[in-house]
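# Commentary on secondary and tertiary structure
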Amino acid sequence: MSCITHAEAWKRLSAMNDILILAHAKPDGDAVGSMFALYHALRQCGKRVRCEIVDVPAALRFVVAPEAFSDFEPAHVVTVDVADQKLLNDCFKNTYGSRVELSIDHHGVHTAFAEETLVDPTAAAASEVLFDLFTIGGVALTKEIATCLYLGLSTDTGCFRFANTTAKTLRTAAALLEAGVDNGAINIEVFETKTPQYINFEKAAMNALRLCLGGKCAVMVLTQQMYREAGITEADTQGIKGLPRMIAGVYAGITVTEQPGGVYHASVRSKEPVNAAEICAEFGGGGHKYAAGCELGRDKEEALRGIVAAAERQLAKANLI
Ligand SMILES: [Mn+2]
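All of these numbers come straight from a predicted model, not from anything done at the bench.

With that out of the way, let us pick up empty space enclosed by the protein. Considering all chains together, one arrives at one cavity of 30 Å³ or more under this definition. The volume enclosed by the largest cavity comes to roughly 40 Å³. Around the largest cavity sit Ala23, His24, Ala25, Pro27, Glu52, Ile53, Val54, Asn89 and Phe92, which together line it. Partitioning the lining of the largest cavity into residue classes produces six nonpolar, two polar and one charged.

So, in structure tokens, the structure goes:
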């Protein structure tokens, strides 16, 4: 396993054919956008390529290319936006997990699992890494490719609001707009539009929101019953996890979600100086400094106690409590 440069990664991709592209489970805009941007770029190079992905949120499906779901035995497997092999969907992990030749990612906590890894932790999104890769490879930036990359870049930066947005991110976005991306329409569809089911779910989530640790931590528990009652799935409610951190004075916003199998999962969003990845690392999870996740087991009360205690330790470390 080794880390390679953009040029080396492009050389490696150029030598492949019959390629399968995978992204992480519970795909977000960067996972979906990166996947289909790479799909179109490799198709442009005349290669046979296919994608496998499940549970794509409805609002992100406009970049999904239906023809990408063909069914040939891949000779090569490439992942995008996957920080760790365990973040692959179980069915793909079992079939292809040990066969990944190239992993293209931007997570600082990337745990190498592929033969070769192209990881740029200064990039705001895997889509930003791909933009650089395509520039080196001389890929024509079609409106289709630019739209996929824009989806990745805009969603991973909260529409260019988060601290991971750099001057280079904005220059990349500018190049995508010059390639014809309809950013206004995409932003309304992805960031401003909610289904009636989502609004109902959000009401229930807000009712479940509680402050703790002297108002410096907020916790929200989302249960399968809440999803059932609102008629919505977790895949279509990813944005809700930003809610706890929105409260003024909160440094650690925690969303504990009951999974269909009964296991509880925590998503932690933090504010400077609190490190969400360190909170989640206590439970074997990971992510970014201000957004991370982990598994907490099947006991709800124990899960809540554990994650709040971990948040308390990080708040104390930062002298906030
Ligand atoms: Mn990403």
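Past the structure itself, the notes keep going.
A word on the domain arrangement of the chain. What the domain assignment reports for the chain is domain 1 (2-191) and domain 2 (196-317). The C-alpha-based centres of domain 1 and domain 2 are spaced at 26 Å. Taking both partners together, domain 1 and domain 2 bury about 740 Å²; carbon and sulfur atoms supply 51% of that area. The three residues of domain 1 that bury the most area against domain 2 are Lys26, Pro57 and Val109, which together make up 51% of that side's buried surface. On inspection of domain 1 and its partner domain 2, the count reaches one salt bridge. Among the salt bridges present, the one from lysine 26 reaches glutamate 234, with a minimum N-O distance of 3.5 Å. Counting across the domain 1 and domain 2 interface gives four residue pairs in polar contact (both at pLDDT 80 or more). Of the residues assigned to the side of domain 1 that touches domain 2, the class counts are five nonpolar, two polar and three charged.

We now examine the sheet that holds strand β2 (residues 19-22). With parallel pairing, six strands are arranged side by side in an open sheet as β1-β6-β5-β4-β2-β3. Every other strand in the sheet has two partners, leaving β1 (2-3) and β3 (49-52) as the edge strands with one partner each. As judged from the four bridges shared by β2 and β3, these two strands associate in the parallel manner. When the sheet's bridge partners are listed, isoleucine 19 is paired in β3 with valine 49. Sheet contacts for helix α1 (residues 6-14): β4 (76-80), β5 (100-105) and β6 (116-119); angle to β5, the most-contacted strand, approximately 140 degrees. Those strands touched by helix α2 (residues 29-44) are β2, β3, β4 and β5, and its axis lies near 165 degrees from that of β3.

Thresholds, definitions, all that
Residue indices begin from 1 for each chain and proceed along its sequence in written order. Local features in a predicted model are, by the rule used here, given only for residues with pLDDT of at least 70; side-chain atom pairs are given and counted only at 80 or more, and totals for whole chains, interfaces and linings are based on all residues. Hydrogens and water molecules were not included; the side-chain quantities draw on all heavy atoms of the structure. Cavity and pocket criteria rest on a 1 Å grid covering protein atoms alone: a 1.4 Å probe that fits but cannot get out defines a cavity, protein on both sides within 12 Å along at least 5 of 7 lines defines an open pocket, and an atom within 4 Å of a point defines a lining residue. Grid points are joined across faces, edges and corners, and a volume is the space filled by probe spheres set on the points. Note on residue categories: nonpolar means Ala, Val, Leu, Ile, Met, Phe, Trp, Tyr, Cys or Pro, charged means Asp, Glu, Lys or Arg, and polar means any other residue, Gly included. An automatic or database domain assignment supplies the residue ranges for each domain. Here the quantity called buried area is the accessible surface, traced with a 1.4 Å probe, that two parts lose on coming together, added over both. The rule for a salt bridge is simple: a side-chain nitrogen of Lys or Arg has to be within 4 Å of a carboxyl oxygen of Asp or Glu. Distance and chemistry together define a polar contact, namely a pair of N or O atoms within 3.5 Å, with one atom able to donate a hydrogen and the other to accept it when in protein, and with adjacent residues in sequence counting only for side-chain atoms on both sides. Being paired, for any two strands, means DSSP has found at least two bridges between them. We count a stretch as a helix when DSSP gives it H or I for four or more residues in a row; a strand needs E for two or more, and each element gets its number in order from the N terminus. Working rule for contacts: check all heavy atoms of both residues, and any pair within 4.5 Å makes them a contact. Axis definition: a line fit to C-alpha positions, over the contact stretch in the case of helices; interaxial angles, taken between N-to-C directions, run 0 to 180 degrees.

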